[in-house]
Amino acid sequence: MSEVDRFSLVQRLLHWLLALLVIPALGVGMTLGWLGFDGARDAFGMEVTNALYTGHKTIGVLILALMTLRLVLRLTLGAPPPVPTLTSFERLASQAVQAAMYLVLLALPLVGWLATAAGGYPVQFFAWTLPGLIAKDPALSEQLFELHGLLGWALLALLALHIGGALQHWLVKHDGVMRRMSLFR
Ligand code: HEM
């Protein structure tokens, strides 16, 4: 398969970096959402709980920044032409899942940012505190956190479809789809 049929190196690097960041963002987010602040403090202690919140927000903001860059690159550099052996259903389904993942991976951290700010909590990014962007409004914060949680479940469902499809192309069909995003020859 020639170089032309793969995504550019920067697009492939961003894909795998985001894959590495999304796993802890979802895992820690679901743990914090399930336990709540008090439950997390009782289970892990204050220091670890604070680190989990700060880490979750930091990784989330990183995902938002990298997804924005990814969207710009996708719109400017485009994608290699589809593998010719794909059925029209496969082409449509993969495009729909990928478009939905762009949308959810941009909306999810943005909603988390706004929910945090509306709750009066700091939007932490490593050692910095970023601007909240909206005023404190606890009722709005509660609604936004609910939306944040729903988007988290939507992301989990999309990831299952995305990874399931990729594994099928890689291990069952051996049709070169996986090589388009692979870091290796
Ligand atoms: C792609 C990035 C992100 C993912 C995948 C993600 C995922 C999640 C999930 C699944 C939950 C559990 C929600 C629930 O069950 O109620 C959660 C909770 C939370 N998220 Fe995120 N999140 C992301 C980005 C952010 C960002 C950027 C912020 C803030 C700057 C943030 C702040 C929070 C906070 C504070 C909680 C805990 C809410 C609580 O204590 O109940 N998240 N996140």
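So, how was this worked out
- Residues numbered from 1 in each chain as written.
- Predicted model: local features only at pLDDT ≥ 70, side-chain atom pairs only at ≥ 80, totals over all residues.
- Heavy atoms only, no water.
- Helix = DSSP H or I, 4+ residues; strand = E, 2+ residues; numbered from the N terminus.
- Expected span 1.5 Å × (residues − 1).
- Buried < 20%, exposed > 50% of the residue type's maximum accessible area, 1.4 Å probe, protein only.
- Contact = heavy atoms within 4.5 Å.
- Donors = N, O, S within 2.8 Å, 3.2 Å for Na, K, Ca; no water.
- Tetrahedral: all angles 85-135°; square planar, octahedral: opposite > 155°, others 65-115°.
- Phe/Tyr/Trp six-rings, centres within 6.5 Å; stacked < 30°, edge-to-face > 60°.
- Near = heavy atom within 4 Å.
- Polar contact = N/O pair within 3.5 Å; in protein donor to acceptor, adjacent residues only side chain to side chain.
- 1 Å grid on protein atoms, 1.4 Å probe; cavity = no way out; pocket = protein on both sides within 12 Å on 5 of 7 lines; lining within 4 Å.
- Sits in = over half its atoms within 2 Å of the grid points.

Draft legend 1. Broad picture of helix α4 (residues 138-173). Helix length check: α4, at 36 residues, gives a terminal C-alpha distance of 51 Å against a target of 52 Å (1.5 Å per residue), a fit within 8%. Taken together, the buried positions of α4 are occupied by S141, L144, H148, L151, G152, L155, L158, L159 and H169. Looking at the buried side of α4, the elements it contacts are α1 (9-44), α2 (46-77) and α3 (88-118). Residue H174 follows α4 closely and has a positive phi angle near 45°.

Draft legend 2. Fine view of the environment of L69. Tracing the chain through its elements places L69 in helix α2. The class of L69 is partly exposed, set by a relative accessible area of 42%.

Draft legend 3. Quick peek at the coordination of the iron atom of the ligand. On the protein side, the iron atom of the ligand has H56 (NE2) and H148 (NE2) as donor atoms, found 2.0 Å from it. One can describe the site at the iron atom of the ligand as octahedral: its 6 donor atoms subtend angles covering 87 to 179° at the metal. Taken as a pair, H56 in helix α2 and H148 in helix α4 lie far apart in primary sequence, 92 residues in all.

Draft legend 4. Molecular detail of the packing of aromatic side chains. Tallying each qualifying case throughout the model produces 3 aromatic pairs. On the basis of an interplanar angle of 25° and a centroid distance of 6.3 Å, the ring pair of F125 and W128 is categorised as stacked. Among the residues examined, W128 registers a relative accessible area of 57% and is labelled exposed. Taken together, the aromatic side chains of F125, F126 and W128 make up a single cluster linked through ring pairs.

Draft legend 5. Just the environment of G39, in detail. Mapped onto the secondary structure, G39 falls in helix α1. G39 sits in the partly exposed class, given a relative accessible area of 22%. Separated by 10 residues in the primary sequence, G39 and T49 place their C-alpha atoms 9.4 Å from one another.

Draft legend 6. Summary view of the site of the ligand. Near the ligand there are 21 residues, and of these G29, Y53, H56, P109 and H148 occur at the shortest range. At 2.7 Å, a side-chain N or O of Y53 approaches an oxygen atom of the ligand. Residue H56 places a side-chain N or O atom 2.8 Å away from a nitrogen atom belonging to the ligand. A majority-of-atoms criterion places the ligand in the second largest pocket. Every element with two or more residues in the shell around the ligand is listed here: α1, α2, α3 and α4. Of all the elements, α2 adds the most residues to the shell around the ligand, at 6 residues.

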